Structure formats: structure tokens, C-alpha cells
Amino acid sequence: MEELLHQQPVFTLETADRYFGYPGERATIKRLQRLQAKGRVVRALRGVYASVPPGTEPNTFRPDPFLVLQALRPDCVFNGHSALDLHGVSNQAWNRVTAYSEAKAVTYRTQHATFTLIKSPRWLTPDALSKVDRKGVFLRVTRPELALVEGFRYPGRVGGIEELVKSAGGFRRLDLSLLMDLLDRFQMRKLYAAVGWFLSREPGRWHVTDDFLEQLRVRRPVSPSYLERWSSGSVMDSEWNLMIPRELSRQQESNVDI
């Protein structure tokens with residue numbers, strides 16, 4: 001038991017059953033219930049438990065949501081705002097955890113977090129993934145390049161375009177070759193323009209050449225396209241044929257003035 005609680009901050013019922021010597025599911029559940037009563041363990045999701053750190057009040061303890069989802073679906077690949085968070089660039093805290101999985105799509109809701117699993121898409125290939133160490137557990141996560149492209153494709157998964165732009169601005173490097181390859185997989189003019197607009201804000205940060213921007217520019221939409229349709233107001237950026245949320249347009253003008 002002590003080995004389990006020390007080595008597994010978050011674990012499944014099956015894992016506990018193995019550590020306890022395979023006494024059977026009902027016996028293992030009863031043993032975990034006794035641990036819960038002692039404040040040693042809390043249930044994070046159905047079939048997923050977390051050990052309570054010494055000196056921590058179990059009623060206020062919140063298990064790491066990333067480790068919870070990893071325990072539930074070991075094949076998961078974190079995406080959306082979860083990817084921004086795991087890469088250490090998220091601009092604000094979020095209580096939603098999203099990941100891809102080969103198993104069926106499903107959403108779980110708890111008092112402190114919402115867990116959403118999405119069916120793995122065709123563009124999710126090994127070259128677009130990386131690993132992040134989370135409290136001694138290696139988690140698979142979409143690389144910054146894919147997090148950026150998917151953020152513009154699915155802004156609701158990252159908390160909106162403004163959150164994406166502010167967070168992605170913290171990426172230390174971007175592989176431009178991979179970025180172009182990912183855009184080619186989506187084949188959406190709006191995404192070429194959105195990424196081009198984002199990179200052109202601070203091209204020196206990621207060593208973006210004029211030639212690379214031109215490759216994106218020639219693929220921009222033929223007619224104006226909204227970067228985020230539900231924004232309160234938008235300003236036309238004729239270079240990329242994009243309607244940019246007013247607040248982001250102001251920030252861009254401020255950067256130019258500096």
C-alpha cells in the first residue's frame with residue numbers, strides 16, 4: 001500500500017488491484033474506501049484515485065487534472081489550452097482539460113474540472129507530438145506548431161483567439177518547416193493567413209524570413225475571413241485578408257509604434 005501511494009500520485013482501480021496482490025475489484029474498492037476514510041486517498045474520477053500528500057487536507061486537495069486524465073486514458077495526447085499549459089506558456093488558468101485518444105470521444109465533469117477526450121484526427125502524427133515531464137510522469141502533448149495551428153482552427157479549445165495569441169507568444173522556438181507541413185495537412189486558406197498574421201507580428205522572435213511569409217501570403221483567403229467570428233468588433237488586415245479582433249489589432253499597432 002505504501003509503495004502504491006508513494007510511487008503513484010494518481011492511479012486506477014486496476015493499478016491498485018495489482019499492487020494489493022489481485023484480491024479482486026470488490027476487495028480493492030473496500031480497501032481504497034478505508035484509505036479514503038483515513039484521508040490518504042481521494043477519488044478523482046470513476047475508477048481513478050489520487051494519493052493525498054502528507055499534511056494536506058483531503059477535503060481541499062485537488063489532484064493534478066493532467067495526471068488524472070493520463071491515468072484514465074494512457075494513450076491520450078493533450079491538446080488545446082492543455083497543450084499551452086503543459087508547454088508553460090498559457091496566459092490564464094483553465095479548468096478544462098482536453099486530449100486526443102484512440103478510444104471514443106467523451107466528456108467527464110467533476111467539481112473542479114471538465115475532462116474532454118476527442119477522437120484522434122488524421123493529422124496527429126508522431127512528428128507533431130512531444131513529451132512533457134509532469135511530476136515524474138511523461139505526458140504526450142501536441143508540439144507548439146500544432147498547438148498554434150489547431151488553436152486558430154478550434155479557438156474554443158484554447159479559450160479564444162486572444163488567449164491563443166498571448167500564450168503562443170511565449171513559445172521559445174517554432175519549427176517553420178513543420179509548421180508549413182501542418183498547414184498543408186489542413187489545406188485551409190484561413191489558417192495560412194492566421195499563422196502568417198501571427199508570425200508577422202514579431203518575425204524576429206522565430207527567425208521568420210520574408211520568403212516564408214510570402215509563401216503563406218499567397219495562400220491567404222480570396223475574400224475577407226474572420227479570425228474569430230464572435231469577437232465584439234473586428235478590424236480589416238488587408239495584407240492577410242483577415243478580420244482581426246479589435247483588441248488584438250490595437251496590440252499590434254502598439255508593437256509597431258514601439
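Anything mentioned here points back to the structure above.
Residues numbered from 1 in each chain as written. Predicted model: local features only at pLDDT ≥ 70, side-chain atom pairs only at ≥ 80, totals over all residues. Heavy atoms only, no water.

1. Details of the pairing of strand S8 (residues 129–134)
Operational definition: At least two bridges found by DSSP between two strands are what make those strands a pair. Helix numbering and strand numbering both begin at the N terminus, where a helix is a DSSP run of H or I of at least 4 residues and a strand a DSSP run of E of at least 2.
Note that S8 and strand S9 (residues 137–142) share six bridges and pair antiparallel. Of the residues in S9, the one forming a bridge with Leu129 is Thr142. The antiparallel hairpin formed by S8 and S9 contains two residues in its connecting segment, where Lys135 sits at a positive phi of about 55 degrees.

2. Digging into helix H4 (residues 65–72)
Count 3.6 residues to each turn of an α-helix, and residues three or four apart come out pointing the same way. Defined as follows: Here's how the labels work: a residue is buried when its accessible area is under 20% of the maximum for its type, exposed when over 50%, partly exposed in between, all with a 1.4 Å probe on protein chains only. Distance and chemistry together define a polar contact, namely a pair of N or O atoms within 3.5 Å, with one atom able to donate a hydrogen and the other to accept it when in protein, and with adjacent residues in sequence counting only for side-chain atoms on both sides.
Burial analysis of H4 places six of its eight residues in the buried class, which makes it a mostly covered element. Where H4 starts, the residue carrying a side-chain oxygen 2.9 Å from the main-chain nitrogen of Phe66 turns out to be Asp64.

3. Comments concerning the sheet that holds strand S11 (residues 234–237)
Keep this limit in mind: Whether two residues touch is decided by their heavy atoms; if any such pair falls within 4.5 Å, the residues are in contact. In this analysis an axis means a line fitted to C-alpha atoms, helices contributing only their contacting stretch, and an angle means the value between N-to-C directions, from 0 to 180 degrees.
Taken together, the three strands give an open sheet; going across it, the order is S10-S12-S11, and neighbouring strands pair in mixed fashion. In this open sheet, the two edge strands, each paired with only one partner strand, are strand S10 (225–226) and S11. Pairing geometry for S10 and strand S12 (residues 242–245), over two bridges, is parallel. Bridging across to S12, Tyr226 finds its partner in Met243. The strands that helix H9 (residues 189–201) touches are S10, S11 and S12; relative to S12, the one it contacts most, it runs at about 50 degrees.

4. Details of the packing of helix H6 (residues 144–153) against helix H8 (residues 176–186)
Cut-off, in case you're wondering: Handedness of a crossing is defined here by the sense of rotation of the near helix relative to the far one, left-handed for an anticlockwise turn of less than a right angle and right-handed for a clockwise turn. Polar here means any residue other than Ala, Val, Leu, Ile, Met, Phe, Trp, Tyr, Cys and Pro, which are nonpolar, and Asp, Glu, Lys and Arg, which are charged; Gly is therefore polar.
Relative to each other, H6 and H8 sit at 35 degrees, their axes nearing to 9 Å. Classified by chirality, the crossing of H8 by H6 is right-handed. Contact residues: Glu145, Leu146, Leu148, Val149, Glu150 and Arg153 in H6; Leu178, Leu179, Leu182, Leu183 and Phe186 in H8. Of the residues in the contact of H6 with H8, the class split is eight nonpolar, no polar and three charged.

5. Notes on helix H7 (residues 161–168)
Burial within H7 is extensive, with six of its eight residues counted as buried. By the burial criterion, the buried members of H7 are Ile161, Glu163, Leu164, Val165, Ser167 and Ala168.

6. Examining the sheet that holds S8
Reading across the sheet, the six strands line up as S6-S7-S5-S4-S9-S8 and stay open at both edges, with mixed pairing between neighbours. The open sheet has two edge strands, strand S6 (106–109) and S8, and neither has a second partner. Pairing analysis gives six bridges linking strand S5 (residues 96–101) to strand S7 (residues 114–119), with the strands arranged parallel. By the bridge assignment, Tyr100 is partnered in S7 with Ile118. With respect to the sheet, H4 is in contact with strand S4 (77–78), S5, S6, S7, S8 and S9, its orientation differing from that of S9 by roughly 90 degrees.

7. Overview of unusual backbone geometry
Although it is not a glycine, Tyr22 sits at a positive phi angle of roughly 55 degrees. Position of Tyr22 relative to the elements: it lies in the loop between helix H2 (13–19) and helix H3 (25–37). The phi angle at Lys135 is positive, at roughly 55 degrees, despite the residue not being glycine. Inspection of the secondary structure puts Lys135 in the loop between S8 and S9. Overall, Lys135 belongs to the exposed group, its relative accessible area being 62%.

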